[in-house]
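# Working through the structure, step by step
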Amino acid sequence: MPSVKYLIELTDADRKILKDIVAKGSSSAKTILRANILLASDRNAKQRMTVAQIADAYHTSPTTVQTVRASYVNNGLESTIYRKKRETPPVPAKVTGDVEAHIVALACSEPPEGYERWTVRLLADKCVELNYVDSLSHMTVSRVLVHSS
């Protein structure tokens with residue numbers, strides 16, 4: 001038996017929103033699943049179900065049911081149902097098509113004096129030296145060369 005029991009008492013407005021989500025079917029599968037879990041957990045529903053029954057009915061785990069119920073109690077409907085926004089913006093790619101072209105061109109050119117062939121570390125260092133990028137990992141160079149071949 002869980003140590004914290006979350007009693008779900010949906011408001012009329014919340015219930016209407018959840019029923020619309022399920023009825024329309026145009027939301028993501030995860031959103032519809034969460035809506036169904038909350039509707040089945042509603043204390044005022046005609047046929048309230050246990051956590052195990054909800055998990056069986058919607059082909060999910062009891063942990064997921066508990067997580068959705070806990071999120072609703074702690075965070076409200078919007079945070080529980082819909083995907084949350086990113087807190088930080090995505091980091092732009094360091095290697096653009098232009099940098100990739102320079103790496104491939106360098107790899108096809110003659111290696112530096114004293115070397116028989118280019119290594120990925122040499123290519124990374126040369127790209128930084130030629131100011132194509134501020135810094136570059138040899139693993140990134142390796143991935144670029146593998147994907148370009």
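Note: the structure precedes this text.
Residue indices follow the written sequence of each chain, beginning from 1 at its first position. Per-residue local features of the predicted model are confined to residues with pLDDT of at least 70, and side-chain atom pairs are confined, for both listing and counting, to 80 or more; whole-chain, interface and lining totals are unaffected and use all residues. Each side-chain value is derived from all of the structure's non-hydrogen atoms; neither hydrogens nor water enter the calculation.

## Quick word on the packing of helix α6 (residues 97-108) against helix α8 (residues 138-148)
Heads up, the condition is: Every angle, taken between N-to-C directions, lies between 0 and 180 degrees, and every axis is a line fitted to C-alpha atoms, over only the stretch in contact when it is a helix. Segments assigned H or I by DSSP are reported as helices when at least four residues long, segments assigned E as strands when at least two residues long, and all are numbered from the N terminus. Relative orientations are named as follows: roughly parallel for angles under 35 degrees, roughly antiparallel for angles over 145 degrees, roughly perpendicular for angles from 65 to 115 degrees, and oblique for any other angle. In this analysis, two residues are considered to be in contact whenever any of their non-hydrogen atoms come within 4.5 Å of each other. Under the convention adopted here, Pro, Cys and the residues Ala, Val, Leu, Ile, Met, Phe, Trp and Tyr are nonpolar, Asp, Glu, Lys and Arg are charged, and Gly plus all remaining residues are polar.
Taken N-terminus to C-terminus, the directions of α6 and α8 make an angle of 85°; their axes are 10 Å apart at the nearest point. Here α6 is positioned roughly perpendicular relative to α8, judged by the angle of their axes. Residue-level contacts link E100, I103, V104 and A107 of α6 to V141, V144, L145 and S148 of α8. Each residue belonging to the contact of α6 with α8 can be placed in one class, and the counts come to six nonpolar, one polar and one charged.

## Remarks on the packing of α6 against helix α7 (residues 120-129)
Rules: Helix crossings get a hand from a simple test, with the near helix turned counterclockwise from the far one by less than a right angle marking a left-handed crossing and a clockwise turn marking a right-handed one.
Here α6 crosses α7 at 125°, and the two axes come no closer than 10 Å. Taken together, α6 and α7 sit at an angle that is classed as oblique. In this structure, α6 crosses over α7, and the sense of that crossing is right-handed. For the pair formed by α6 and α7, the contact residues are I103, L106 and A107 on the first element and L123, K126 and C127 on the second. A per-class count over the contact of α6 with α7 returns five nonpolar, no polar and one charged.

## So, α7
The criterion, for reference: For every residue, the accessible area (1.4 Å probe, protein chains only) is compared with the maximum for its type, and the residue is labelled buried under 20%, exposed over 50%, or partly exposed between those bounds.
Every buried residue belonging to α7 is among L122, L123, A124 and C127, and all of these are buried. N131 sits one or two positions beyond α7 and adopts a positive phi of about 60°.

## Some thoughts on the nonpolar core
Stated precisely, the cut-off is as follows: The definition of a nonpolar core used throughout is a set of buried Ala, Val, Leu, Ile, Met, Phe, Trp, Tyr and Cys residues joined through side-chain atoms within 4.5 Å.
Ranked by size, the top nonpolar core spans 17 residues in total, and within it L10, L18, L38, Y72, L77 and I81 carry the most contacts. Breaking this core down by element, the ones donating at least two residues are α1 (12-24), α2 (29-41), α3 (51-57), α4 (62-75) and α5 (77-81). Considering each element in turn, this core owes the most residues, six residues, to α2. Beyond its immediate stretch of four places on either side in the chain, L38 contacts I8, L10, L18, V68, Y72, L77, T80 and I81. Residues V99, I103, V141 and V144 belong to the second largest nonpolar core, which totals 13 residues.

## Topic: the environment of R69
Tracing the backbone through its elements, the reader meets R69 in helix α4. Given a relative accessible area of 8%, R69 falls into the buried group. Here the alpha-carbon distance between R69 and A23, two residues 46 residues apart in the chain, equals 21 Å. Sequence-distant contacts of R69, that is, excluding residues within four places in its chain, are made with Y6, I8, S41, V51 and I54.

## Notes on the pattern of salt bridges
Threshold: Think of a salt bridge as a Lys or Arg side-chain nitrogen and an Asp or Glu carboxyl oxygen that are within 4 Å of each other.
Under the defined criterion, the tally for this structure stands at five salt bridges. A salt bridge links D12 to R15, with the nearest nitrogen and oxygen atoms 2.9 Å apart. Linking D12 with R15, this pair stays in helix α1, spanning three residues, or about one helical turn. Here R15 ties to D42 by a salt bridge, and the two come within 3.0 Å at their closest N and O atoms. Of this pair, R15 sits in helix α1 while D42 sits in the loop between α2 and α3, and the two are 27 residues apart along the sequence. With relative accessibility at 2%, the residue D42 sits in the buried group. Salt bridges sharing partners connect three or more residues here, namely D12, R15 and D42.

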